[in-house]
Structure formats: C-alpha cells, structure tokens
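Listed here are the chains, written in short residue letters.
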Amino acid sequence: EEEPDDSQIAWENLEAARGIVERMLTSRPEDEKLNLDLAQIHLRLGDLQKSNGRYHEAIADFTKCLEIRMPIMGMYHRKVADTYYN
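Residues numbered from 1 in each chain as written. Predicted model: local features only at pLDDT ≥ 70, side-chain atom pairs only at ≥ 80, totals over all residues. Heavy atoms only, no water.

**Structural notes on the pattern of salt bridges**
Where side chains of opposite charge bring their charged atoms close, a pairing between them can arise.
Step number 1: This structure, assessed with the given rule, holds five salt bridges.
Step number 2: The residue E15 makes a salt bridge to R18 at a minimum N-O spacing of 2.6 Å. Of the two residues, E15 and R18 both sit in helix α1 (residues 6-27), three residues apart, roughly one turn of that helix.
Step number 3: Of the residues examined, E15 reaches a relative accessible area of 22% and is grouped as partly exposed.
Step number 4: R18 sits in the partly exposed class, given a relative accessible area of 21%.
Step number 5: Each of the salt bridges in this network shares a partner with another, and the network as a whole consists of E15, R18 and E22. (Salt bridge = Lys/Arg side-chain N within 4 Å of Asp/Glu carboxyl O. Helix = DSSP H or I, 4+ residues; strand = E, 2+ residues; numbered from the N terminus. Buried < 20%, exposed > 50% of the residue type's maximum accessible area, 1.4 Å probe, protein only.)

**Here's the deal with the environment of Q49**
Step number 1: Counting through the fold element by element, Q49 comes out in helix α2 (residues 32-51).
Step number 2: Residue Q49 is classed as buried on the basis of its relative accessible area, which comes to 8%.
Step number 3: Expressed as a C-alpha distance, the spacing of Q49 and P71, which sit 22 residues apart in the sequence, is 25 Å.
Step number 4: Excluding its chain neighbours within four sequence positions, the residues that come into contact with Q49 are W11, R54, E57, A58 and D61.
Step number 5: Reaching out from Q49, the side chain makes a polar contact with the side chain of R54 at a distance of 2.6 Å. (Contact = heavy atoms within 4.5 Å. Polar contact = N/O pair within 3.5 Å; in protein donor to acceptor, adjacent residues only side chain to side chain.)

**Some points on the packing of α2 against helix α3 (residues 55-73)**
Step number 1: Interaxial distance between α2 and α3 falls to 8 Å at its minimum, and their mutual angle equals 155°. The angle between α2 and α3 places the two elements in the roughly antiparallel class. For the pair α2 and α3, the crossing hand works out as left-handed.
Step number 2: Split into classes, the residues belonging to the contact of α2 with α3 amount to 12 nonpolar, five polar and seven charged. (Axes fitted to C-alpha atoms, helices over the stretch in contact; angles between N-to-C directions. Parallel < 35°, antiparallel > 145°, perpendicular 65-115°, else oblique. Left-handed = near helix turned anticlockwise from the far one by under 90°. Nonpolar A, V, L, I, M, F, W, Y, C, P; charged D, E, K, R; others polar.)

**A short note on the side chain of R69**
Step number 1: Checked against the element boundaries, R69 lands in helix α3.
Step number 2: The buried charged residue R69 lacks any salt bridge, with D82 as its nearest oppositely charged partner at 4.8 Å.
Step number 3: A polar side-chain atom of R69 sits 2.9 Å from the main-chain carbonyl oxygen of K79.
Step number 4: Each residue touching R69, except ones within four places of it in the same chain, is listed here: L36, A39, Q40, L43, G74, K79, V80 and T83. (Lys, Arg positive; Asp, Glu negative; His and termini not counted.)

**Focus: α3**
Structural remark: α-helix, 3.6 residues per turn; residues separated by three or four positions point the same way.
Step number 1: Between its first and last C-alpha, α3 extends 26 Å over 19 residues, near the 27 Å set by a 1.5 Å rise per residue.
Step number 2: Buried within α3 we find A58, D61, F62, C65, L66, I68 and R69.
Step number 3: Two residues or fewer after α3 comes G74, characterised by a positive phi angle close to 90°. (Expected span 1.5 Å × (residues − 1).)

In structure tokens:
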C-alpha cells in the first residue's frame, strides 16, 4: 500500500477539522471564535488547493473564508486583507 504524501495528510486533517467545527457550530452558531476557526481552516484548505493547482477549489475556500471573516472582523482587518492577497 502506498503511503499518502504530506499534502494528502494535510487535506485529510483539515477536512476532519472542518467537519468537527461545523458540527460544533450547529449548537453554537454565534460563537465568533469557532467561526473564525472555521474561516482559518478554509484559508488553509485554499492554500493547499492552490499549491496543488486546483484553483477553482482554492477560490471557493478563500471565498468561504471571507464570507465568515468579513462580518466579524470588518473589511479593513489585516486578516481579511491577507485572505484577499491569496
């Protein structure tokens, strides 16, 4: 059996984390920290997709990150700008 590469392991871990945080948010949808954690997961998924040449998937993850961060942080926050930079 072939060993998974680092990017596959990273993707699996990020997807698992996304699923956990999304389940936690079902009982606490207004929890800003959990929402920002989810945004960070989407940012890292976008980074991973971009590095693997999957640009449409990367854009979708970066967009989801922005959709979560903007209402909480505001459009002029450094982390929102960092997301646009990606």
